[in-house]
Amino acid sequence: MPHRAIPQAYLTFLLGDEKFAIHVDHVQEIIELKDVTRIPDTPHYMLGIINLRGKVLPLLDTRMKLGLPSLPSTSKNRILVLNIRETDERVIQVGALVDTAREVNVIEQKQIQQPADVENYRKATAVTGIVNDQGDITMILDVNKVFALQGVEIVSAAE
C-alpha cells in the first residue's frame, strides 16, 4: 500500500495583507493584546513581557521578526501563545503579536510548494512552504526559525 501524507492543520494569521500559517502543534492559545511591560536593552522586536495567568511571557512583534515595519496596535491584534522548542528537552512559551488571527485550515502536503531557492533563500528564510489556493497565497512559517530565542534568554532564564 503506498504511503499517503496525512493532511496537517495550520493556524492562519495576517500581517498586513499577507497571509501566513504555522502548524497548530506550536499554538497553545490565542489571546487579546494585554498590557505590555517594556524591558530595557532587549532586541528591537521584543515588545516586552505580559502576564499570562501568573506566568511571565515574552512578547515578540512578528512583523519586526520578519523584517516588516511595525504598526500601531488595533483591536484586531492578537497574541499567539506559542510553544518553541529550544532544545530536545526544553520548550519555552513566547507571545507572538500578529495583526489578525484567522482560522485553522487543513493543508495537504501536495498543496505546499517549496519557495524558490534564489541565492540560497530557502536556507535563510523562515518560509518553509507556499500554498497557492487560486491566487490566495499563504506562506507557511517555521516557528523555530522565526522566533529564534537569543533575545528571550533574559526572561526564560528566570523560570
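Since this is a predicted model, take the numbers as computed values, not measurements.

Things to note about the packing of aromatic side chains
Throughout the structure, instances matching the rule amount to one aromatic pair. For the pair Phe-13 and Phe-20, a centre-to-centre distance of 5.8 Å together with 20 degrees between the ring planes defines the contact as stacked. With relative accessibility at 2%, the residue Phe-13 sits in the buried group. If you follow Lys-65 out to its NZ or CZ, it ends over the ring of Tyr-45, 4.0 Å from the centre.

Quick notes on the side chain of Asn-77
As for its position among the elements, Asn-77 is in the loop between helix 1 (62–65) and strand 6 (78–85). For Asn-77, the side chain forms a polar contact with the main-chain oxygen of Val-98, separated by 3.2 Å. Contact partners of Asn-77, with chain neighbours within four places excluded, come to Leu-33, Pro-72, Leu-97, Val-98 and Asp-99.

Regarding the sheet that holds strand 4 (residues 46–52)
Within the open sheet, the five strands sit side by side as 3-6-7-5-4. Their pairing is mixed. Every interior strand has two partners, whereas the edge strands, strand 3 (27–32) and strand 4, have only one. Here the average twist between neighbouring strands, direction ignored, is 35 degrees. Pairing analysis gives six bridges linking strand 4 to strand 5 (residues 55–61), with the strands arranged antiparallel. Bridging from a neighbouring strand, Met-46 pairs with Leu-60 of strand 5.

Concerning the pattern of salt bridges
Evaluation of the coordinates by the stated rule reveals four salt bridges. Here Arg-63 makes a salt bridge to Asp-99, at a shortest N to O gap of 3.0 Å. With Arg-63 in helix 1 and Asp-99 in the loop between strand 7 (91–98) and strand 8 (100–107), this residue pair connects regions lying 36 residues apart in the sequence. You can call Asp-99 buried: its relative accessible area is 14%. Taking the shortest distance from any N to any O, the salt bridge between Glu-108 and Lys-110 comes out at 3.7 Å. For Glu-108, a relative accessible area of 35% gives the class partly exposed.

So, the environment of Leu-57
Positionally, Leu-57 belongs in strand 5. Along the primary structure Leu-57 and Val-81 are separated by 24 residues, whereas in three dimensions their C-alpha atoms are 8.6 Å apart. In contact with Leu-57, not counting residues within four places along its chain, are Gly-48, Ile-49, Ile-50, Leu-52, Val-81, Gln-93, Val-94 and Gly-95.

Reading the values: the criteria
Residues numbered from 1 in each chain as written. Predicted model: local features only at pLDDT ≥ 70, side-chain atom pairs only at ≥ 80, totals over all residues. Heavy atoms only, no water. Phe/Tyr/Trp six-rings, centres within 6.5 Å; stacked < 30°, edge-to-face > 60°. Buried < 20%, exposed > 50% of the residue type's maximum accessible area, 1.4 Å probe, protein only. Lys NZ or Arg CZ within 6 Å of the ring centre and 35° of its normal. Helix = DSSP H or I, 4+ residues; strand = E, 2+ residues; numbered from the N terminus. Polar contact = N/O pair within 3.5 Å; in protein donor to acceptor, adjacent residues only side chain to side chain. Contact = heavy atoms within 4.5 Å. Pairing = 2+ DSSP bridges. Axes fitted to C-alpha atoms, helices over the stretch in contact; angles between N-to-C directions. Salt bridge = Lys/Arg side-chain N within 4 Å of Asp/Glu carboxyl O.

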